[in-house]
Amino acid sequence: MINGSDGTQFPPGSVTSHSRLYLFLTQLCRSIYMIYDTEVQLNGIKALKFTVPATVFLNGSDYPENKAFCPYECYTTGILDTSGCQSNSETAIPFKMRSPILVSAPHFYHGDPKLVEAVNGLKPVAALHETFFSVEPHTGIPIDGAMRLQLNAHIQPVEDIKQTECLQEVILPIMYFSGEAKINSVKTKLMKDKILGPLSVVYSAEYVAIGIGTFLLLVALVLSVISCLKNRQTAEEKTPLVK
């Protein structure tokens, strides 16, 4: 199932701190989601920052919701299975012949500590290695973000190849990429002038209309009470004192 957008825009007006934003990554042939992290401000524009949580990377055995993403076996927490990208139902490739390339967050961020300890020089840091989107909530447009993934080789002994018998099994990072984008000053001005400015006027007009409506309602209520009291007083004056 394709669940989520490509990340260029989310539903306008419906992005809140309670939202769960879905992305479909063609590189992984699957959807991932992001949850609210904090409120940020960029060039005077307020936005909600969403990050990919640790649950996305959890092993399917530890987190049943991820079990469906383990078509053959569930790898260690922190590793995303991309075997779905390598074949379809008509041209299935035997598991042992599949590509040994696995995907994770850079430096195995959100991964099992054993993955980090097995390779020298790794130091996962959120600010450098997390995937995030800062979304302007009225338009649903990201104004800042980074998509970060790491390619790894699954090194292990290969059956019937004697030279690999002494290999120690390890998931070895090959490279990682970080695609980053941030709104510039020109686009910031355009968004403020053409979208956010008019929206603020509309919202202000709504509050003014509500205020005027409330005031008129109160006036009508007061006039109604005064009219009722006058009618009662008139009726009492017309009533004879002695029958």
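Residues numbered from 1 in each chain as written. Predicted model: local features only at pLDDT ≥ 70, side-chain atom pairs only at ≥ 80, totals over all residues. Heavy atoms only, no water.

1. Quick word on a nonpolar patch on the surface
Taken together, Val 208, Ile 212, Phe 215, Leu 216, Val 219, Val 222, Leu 223 and Ile 226 make up a surface patch of nonpolar side chains, about 730 Å² in accessible area. Among the structural elements, Ile 212 can be located in helix α3 (residues 185-238). When its relative accessible area of 47% is taken as the criterion, Ile 212 is described as partly exposed. (Patch = residues over 30% accessible without salt bridge, like charges linked within 9 Å, V, L, I, M, F, W, Y side chains within 5 Å. Areas by Shrake-Rupley, 256 points an atom, 1.4 Å probe, with all protein chains shown as cover. Salt bridge = Lys/Arg side-chain N within 4 Å of Asp/Glu carboxyl O. Helix = DSSP H or I, 4+ residues; strand = E, 2+ residues; numbered from the N terminus. Buried < 20%, exposed > 50% of the residue type's maximum accessible area, 1.4 Å probe, protein only.)

2. Let's talk about the packing of aromatic side chains
For the structure shown, the criterion picks out 3 aromatic pairs. Seen in terms of ring centroids, Phe 10 and Phe 133 are 6.3 Å apart; in terms of plane orientation they differ by 85°. Their pairing is edge-to-face. Placement of Phe 10 in the segment before β1 (20-25) and of Phe 133 in strand β6 (residues 132-136) is noted, with a sequence separation of 123 residues between them. Judged by centre distance (6.1 Å) and plane angle (75°), the rings of Tyr 36 and Phe 50 are edge-to-face. With Tyr 36 in strand β2 (residues 30-42) and Phe 50 in strand β3 (residues 45-51), this residue pair connects regions lying 14 residues apart in the sequence. For Phe 50, a relative accessible area of 0% gives the class buried. The ring of Phe 69 is capped by Arg 30, whose NZ or CZ atom sits 3.7 Å from the centre of that ring. (Phe/Tyr/Trp six-rings, centres within 6.5 Å; stacked < 30°, edge-to-face > 60°. Lys NZ or Arg CZ within 6 Å of the ring centre and 35° of its normal.)

3. Structural notes on the side chain of Ser 104
You can see Ser 104 is positioned in strand β5 (residues 101-104). Apart from residues no more than four positions distant in its own chain, Ser 104 is found in contact with Phe 57, Gly 78, Ile 79, Leu 149, Gln 150 and Asn 152. (Contact = heavy atoms within 4.5 Å.)

4. Here's the deal with the confidence of the model for the chain
For the chain, the mean per-residue pLDDT works out to 83, and 85% of the residues sit at or above 70. Long-range and interchain partners of residues 89-96, a stretch whose pLDDT sits below 50, account for 9 contacts in this model, where long-range means more than four residues apart. (pLDDT = per-residue confidence, 0-100.)

5. Quick look at the pattern of salt bridges
Between side chains of opposite charge, a pair can form as their charged atoms come close. One pass over the structure, following the stated rule, counts 3 salt bridges. Between Glu 180 and Arg 148 there is a salt bridge whose closest N-O contact spans 3.1 Å. Placement of Glu 180 in strand β8 (residues 170-182) and of Arg 148 in strand β7 (residues 141-155) is noted, with a sequence separation of 32 residues between them. Using a relative accessible area of 55% as the deciding quantity, one classes Glu 180 as exposed. Here Lys 189 and Asp 193 are joined by a salt bridge, their closest N and O atoms 2.7 Å apart. Separated by 4 residues within a single helix, Lys 189 and Asp 193 lie in helix α3, roughly one turn from each other. Residue class for Lys 189 comes out exposed when judged on its relative accessible area of 54%. On the accessibility criterion, Asp 193 (43% relative accessible area) is partly exposed.

6. Digging into the nonpolar core
Within the largest apolar cluster, 23 residues are counted, with the highest numbers of intra-cluster contacts made by Phe 10, Leu 23 and Met 34. Within the residue set of this core, elements represented by two or more residues are β1, β2, β3, β6 and β7. Residues Ile 79, Leu 115, Val 116 and Leu 122 belong to the second largest nonpolar core, which totals 10 residues. (Core = buried A, V, L, I, M, F, W, Y, C linked by side-chain atoms within 4.5 Å.)

7. Looking at the pairing of β3
Along a regular strand, successive side chains alternate from one face of the sheet to the other. Counted residue by residue, β3 has 6 buried out of 7 residues, so it is predominantly covered. In this structure, β2 lies alongside β3, joined through 7 bridges in antiparallel fashion. Its bridge partner being in β3, Ile 35 is matched across the sheet by Thr 51. Between β2 and β3, which pair antiparallel in sequence order, lie 2 residues; one of them, Asn 43, sits at a positive phi of approximately 55°. Pairing analysis gives 4 bridges linking β3 to β6, with the strands arranged antiparallel. Across the sheet, residue Thr 51 finds its bridge partner in β6, namely Phe 132. (Pairing = 2+ DSSP bridges.)

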